[in-house]
Amino acid sequence: MLRQFGYKVRIVKKYRCGGNTNSHIIRLLTYPFRFALSLLQFACLLIVGNHKAMIHISGFYGNVVYAEYLFVLLSKLLGYKVLYEMRGGGAEQFYTNGNSFYRHCFSFIVRKSSIIFSQGIENEKFLRTITNTPIFYYPNYLKTDFLPNSVPVKPDSPLHIIYLGRLSPEKNIQLIVDATAILQKHLQVDLTIVGQGEKRYVDSICELMHKRLSINSFTIINGSPHDEVGQFLADKHFIIFPSKLEREGQSNTITEAMGFGIVPISSPQGFSKTLIGNSNLIVEDLSAESYANKLLEVVKSGKYELLSKQMHERVVTNYSEDVIKPEVKEQYDRLFNW
């Protein structure tokens, strides 16, 4: 995107404590050297670079906050402006539960940055307790060639439920299966799960689907290239998203589903409340019965088509490339003119 705006972009990889080897011990032992290489590369770019440049750091805080602290510290020592982009959720919890050094590092980062790009507007209240740095709401968005112009035509029956994304206990996939089983006692419903995860967990979900759901009423697909995701979304009615993931941010899964007019039934985890914009579709209680009852409530209310249209329009208006890209360009142009 920045290159499309005409900016020259240099990328420095920020290494995690994971490598291309299956040995956990080797990953741990080699991480300091890989990180040092990354920091050295970064320092060389800063020393020989144009000091009018902007340092854009994709921030994930948590256990990488100390590395991010060093990147920001070095940038400020050498006189650069810093843009800190907060990706994902959990920032306040990490800060509250962190030790004094963690809080010092995070506070330094957000106070010394010229601007904070935040994936969730929910971060603003927390950030205002420790900094007056300007905050720009920078949500995930859907590209124009992915987002349909209107809500695709949905079949009248059966109702199609989908979950798309990572398969893990924190995403509560078993609850989705249990909720679908309850719904099948009242409606013609089928379930499609598309995603990847640890083999033992995925096998347990497959076993649960065979045990709890009607024959030929479920499908599990082992991931899919993003370009092909639309084919799974076009005819679906609902997405159930009972995530309890600590770092849940703005879910790409929900954003993409809403773009296709799929009505989400979601937990409040992360930034889902703001994304969905309808508190009646948020379920606080992480039980299969609560999620099944909420979906039944939507169906029986006769408002499904209206909600489907509202979800699509919300993405077009707030989370589309045509809306977000000009706003990002405006922020960058303003920063370079300071």
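Residues numbered from 1 in each chain as written. Predicted model: local features only at pLDDT ≥ 70, side-chain atom pairs only at ≥ 80, totals over all residues. Heavy atoms only, no water.

Draft legend 1. The overall build of the protein chain, seen in detail. Of regular secondary structure, the protein chain possesses 13 helices and nine strands. Relative to its length of 338 residues, the protein chain is compact, with a C-alpha radius of gyration of 22 Å against a globular reference of 20 Å. With the principal axes as the frame, the protein chain shows a C-alpha extent of 65 × 45 × 35 Å. A burial count over the protein chain gives 49% of its 338 residues as buried. Residue pairs at least 24 apart in sequence account for 73% of intrachain contacts in the protein chain once pairs closer than 6 positions are excluded. In the form shown here, the protein chain has an accessible surface area of approximately 17,200 Å², with 53% of it arising from carbon and sulfur atoms. Treating the 38 positive side-chain charges of the protein chain as one cloud and the 30 negative ones as another, the clouds have centres 9 Å apart. (Helix = DSSP H or I, 4+ residues; strand = E, 2+ residues; numbered from the N terminus. Rg over C-alpha atoms; globule rule 2.2 N^0.38 Å. Buried < 20%, exposed > 50% of the residue type's maximum accessible area, 1.4 Å probe, protein only. Contact = heavy atoms within 4.5 Å. Areas by Shrake-Rupley, 256 points an atom, 1.4 Å probe, with all protein chains shown as cover. Lys, Arg positive; Asp, Glu negative; His and termini not counted. Charge placed at Lys NZ, Arg CZ, Asp CG, Glu CD.)

Draft legend 2. Structural view of the sheet that holds strand 2 (residues 81–86). Strand order in the open sheet formed by four strands is 1-2-3-4, with parallel pairing between adjacent strands. Looking at the sheet topology across the chains shown, the edges are occupied by strand 1 (54–59) and strand 4 (135–137). When strand polarity is set aside, the average angle formed by the axes of neighbouring strands in this sheet is 20°. Here six bridges tie strand 1 to strand 2, and the two strands are oriented parallel to one another. (Pairing = 2+ DSSP bridges. Axes fitted to C-alpha atoms, helices over the stretch in contact; angles between N-to-C directions.)

Draft legend 3. Broad picture of the sheet that holds strand 8 (residues 238–241). If you trace the five strands from one edge of the open sheet to the other, you get 7-6-5-8-9, paired in parallel fashion. The open sheet has two free edges, formed respectively by strand 7 (218–222) and strand 9 (263–266), since each of these has just one partner strand. Sheet twist, expressed as the mean angle between neighbouring strand axes with direction ignored, is 20°. Two strands pair when backbone bridges link them, and strand 8 and strand 9 are joined in this way by four bridges, in the parallel orientation. Directly across from Ile240, in strand 9, lies its bridge partner Ile265. Helix 9 (residues 252–259) contacts strand 5 (159–164), strand 8 and strand 9 of the sheet and is inclined by roughly 165° relative to strand 8. Where helix 12 (residues 304–318) meets the sheet, its contacts fall on strand 8 and strand 9, and the angle it forms with strand 9 comes to roughly 90°.

Draft legend 4. Main features of helix 9. Within helix 9, seven of the eight residues are buried, which leaves it mostly tucked inside the rest of the structure. For helix 9, the complete set of buried residues consists of Thr253, Ile254, Thr255, Glu256, Ala257, Met258 and Gly259. At its buried positions, helix 9 is contacted by strand 5, helix 8 (229–233), strand 8, strand 9, helix 10 (272–276) and helix 12. Between the side-chain oxygen at the start of helix 9 and the backbone nitrogen of Thr253 there is a gap of 3.1 Å, and the oxygen is on Ser251. Gly261 sits one or two positions beyond helix 9 and adopts a positive phi of about 75°. (Polar contact = N/O pair within 3.5 Å; in protein donor to acceptor, adjacent residues only side chain to side chain.)

Draft legend 5. Seen up close, the packing of helix 6 (residues 173–183) against helix 11 (residues 288–301). Where helix 6 meets helix 11, the axes come as close as 8 Å, and the angle between the chain directions of the two elements is 55°. What the angle tells us is that helix 6 and helix 11 run oblique. Pair helix 6 / helix 11 crosses with right-handed handedness. Seen from helix 6, the contacting residues are Leu175, Asp178, Ala179, Ile182 and Leu183; seen from helix 11, they are Ala288, Glu289, Tyr291, Ala292, Leu295 and Leu296. Within the contact of helix 6 with helix 11, the residues separate by chemical class into nine nonpolar, no polar and two charged. (Parallel < 35°, antiparallel > 145°, perpendicular 65-115°, else oblique. Left-handed = near helix turned anticlockwise from the far one by under 90°. Nonpolar A, V, L, I, M, F, W, Y, C, P; charged D, E, K, R; others polar.)

Draft legend 6. Examining the pattern of salt bridges more closely. Applying the stated criterion to the full structure yields ten salt bridges. In this structure, Glu248 and Lys171 form a salt bridge, with 2.8 Å as the shortest nitrogen-oxygen distance. With Glu248 in the loop between strand 8 and helix 9 and Lys171 in the loop between strand 5 and helix 6, this residue pair connects regions lying 77 residues apart in the sequence. By the burial criterion, Glu248 is buried, and Lys171 matches it. With a closest N to O distance of 2.7 Å, Asp178 and Arg212 form a salt bridge. On the criterion of sequence distance, the pair formed by Asp178 in helix 6 and Arg212 in helix 7 (residues 199–212) is long-range, its members being 34 residues apart. By relative accessible area, Asp178 is classed as partly exposed at 21%. (Salt bridge = Lys/Arg side-chain N within 4 Å of Asp/Glu carboxyl O.)

Draft legend 7. View of the layout of surface pockets. Approximately 1,300 Å³ is the volume found for the largest pocket. In terms of lining, the largest pocket is formed by 36 residues, of which the most central are Val9, Arg10, Ile11, Met54 and His56. Elements represented by at least two residues in the lining of the largest pocket include exactly helix 1 (24–48), strand 1 and helix 13 (321–336). For the lining of the largest pocket, the element with the most residues is strand 1, which contributes five residues. For the lining of the largest pocket, the class distribution of residues is 24 nonpolar, five polar and seven charged. The wall of the second largest pocket is formed by 27 residues, among which Arg166, Lys171, Glu248, Asn252 and Thr253 lie closest to the centre. Where the lining of the second largest pocket is concerned, the elements lending two or more residues are strand 5, strand 6 (189–195) and helix 9. (1 Å grid on protein atoms, 1.4 Å probe; cavity = no way out; pocket = protein on both sides within 12 Å on 5 of 7 lines; lining within 4 Å. Points joined across faces, edges and corners; volume = space filled by probe spheres on them.)

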